[in-house]
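# Summary of structural features
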Amino acid sequence: MSTFHLTQAGTGRRLSVPDAVVTILSSGERTGDAYELMLVEAPRGIPPPLHSEPWPKTYHLLRGRILVLLDGDGCELAAGDTLTIATGTMNSFSVLTDVAVFLLVCPGTGMSGFFIELHALGEEHLPREVLMSRFAQIAARYGIRFAEEAAS
């Protein structure tokens, strides 16, 4: 493995997921699975469902504003703010401006793996009921839980 890897501006693997475009800037493959770095470009719209991941994550907002829900509390972030969310915390975010752009840092490779599978799922053009079932299967494979599951 090389001692460095450069991802130039405008490059990186771009993934379309339901609520954003995610660009993988530095994959776990490049960091010995220690962490991954992604650029998230999210338009204002329907927020992702309240969920938890089996890993911590950090948001660093570059542009715009978002409201992050954390176990029932809200935390508003503006450009330059950084928020770290502990493993297992129920969370979601809403974009408060036309678009928000932020860095997402996570340990391992789970988050990018999840996004890669979501991207592929979106390209299949499945009926909604099949799409939702497959979405739930993908989330379960990565240990992502939704608030409805945690309540039952």
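Everything below is about the structure shown above.
Residues numbered from 1 in each chain as written. Predicted model: local features only at pLDDT ≥ 70, side-chain atom pairs only at ≥ 80, totals over all residues. Heavy atoms only, no water.

### Observations regarding the overall build of the protein
Summing up its helical and strand segments, the protein has three helices and eleven strands in all. When the helices and strands of the protein are read in sequence order from the N terminus, they spell out β-β-β-β-β-β-β-β-β-β-α-α-β-α. In terms of overall dimensions, the protein is globule-like: its C-alpha atoms have a radius of gyration of 15 Å, near the 15 Å expected for 152 residues. When the backbone C-alpha atoms are referred to their principal axes, the protein occupies close to 45 × 35 × 30 Å. Evaluated residue by residue, the protein yields a buried proportion of 36% over its 152 residues. Long-range pairs, those at least 24 residues apart, make up 64% of the contacts in the protein between residues at least 6 apart in sequence. About 8,300 Å² of surface is accessible on the protein, with carbon and sulfur atoms providing 57% of the total. Within the protein, one finds 11 positive and 17 negative side-chain charges whose respective centroids are separated by 4 Å. (Helix = DSSP H or I, 4+ residues; strand = E, 2+ residues; numbered from the N terminus. Rg over C-alpha atoms; globule rule 2.2 N^0.38 Å. Buried < 20%, exposed > 50% of the residue type's maximum accessible area, 1.4 Å probe, protein only. Contact = heavy atoms within 4.5 Å. Areas by Shrake-Rupley, 256 points an atom, 1.4 Å probe, with all protein chains shown as cover. Lys, Arg positive; Asp, Glu negative; His and termini not counted. Charge placed at Lys NZ, Arg CZ, Asp CG, Glu CD.)

### Regarding the packing of aromatic side chains
In the structure shown here, the tally under the stated rule is seven aromatic pairs. Between Phe-93 and Phe-102, the aromatic rings sit 5.4 Å apart at their centres with planes inclined by 85°, giving edge-to-face as the arrangement. Grouped by ring-pair contacts, the aromatic residues Phe-114, Phe-115, Phe-135, Tyr-142 and Phe-146 constitute a single cluster. (Phe/Tyr/Trp six-rings, centres within 6.5 Å; stacked < 30°, edge-to-face > 60°.)

### Quick look at the side chain of Ser-92
Mapped onto the fold, Ser-92 is located in strand S9 (residues 91–95). A distance of 2.5 Å separates a polar atom in the side chain of Ser-92 from the backbone oxygen of Pro-48. When neighbours within four sequence positions are excluded, Ser-92 is seen to be in contact with Pro-47, Pro-48, Pro-49, Leu-50, His-51, Leu-67, Val-68 and Leu-69. (Polar contact = N/O pair within 3.5 Å; in protein donor to acceptor, adjacent residues only side chain to side chain.)

### Notes on the environment of Ser-16
Here Ser-16 is to be found in strand S1 (residues 13–17). When the C-alpha positions of Ser-16 and Glu-41 are compared, they lie 9.8 Å apart, and in sequence the two are 25 residues distant. For Ser-16, the residues in contact, after removing those within four places along its chain, are Val-21, Leu-118 and His-119.

### Examining the sheet that holds strand S10 (residues 99–107)
Here six strands make up an open sheet; going across it, the order is S1-S2-S3-S10-S5-S8 and the pairing antiparallel. Both outer strands of the open sheet, S1 and strand S8 (82–85), are each paired with one neighbouring strand and no more. Sheet twist, expressed as the average angle between the axes of neighbouring strands with direction ignored, equals 25°. For strand S3 (residues 35–43) and S10, the ladder comprises nine bridges, and the chain directions are antiparallel. Considered in S10, the bridge of Ala-42 is made with Ala-100. (Pairing = 2+ DSSP bridges. Axes fitted to C-alpha atoms, helices over the stretch in contact; angles between N-to-C directions.)

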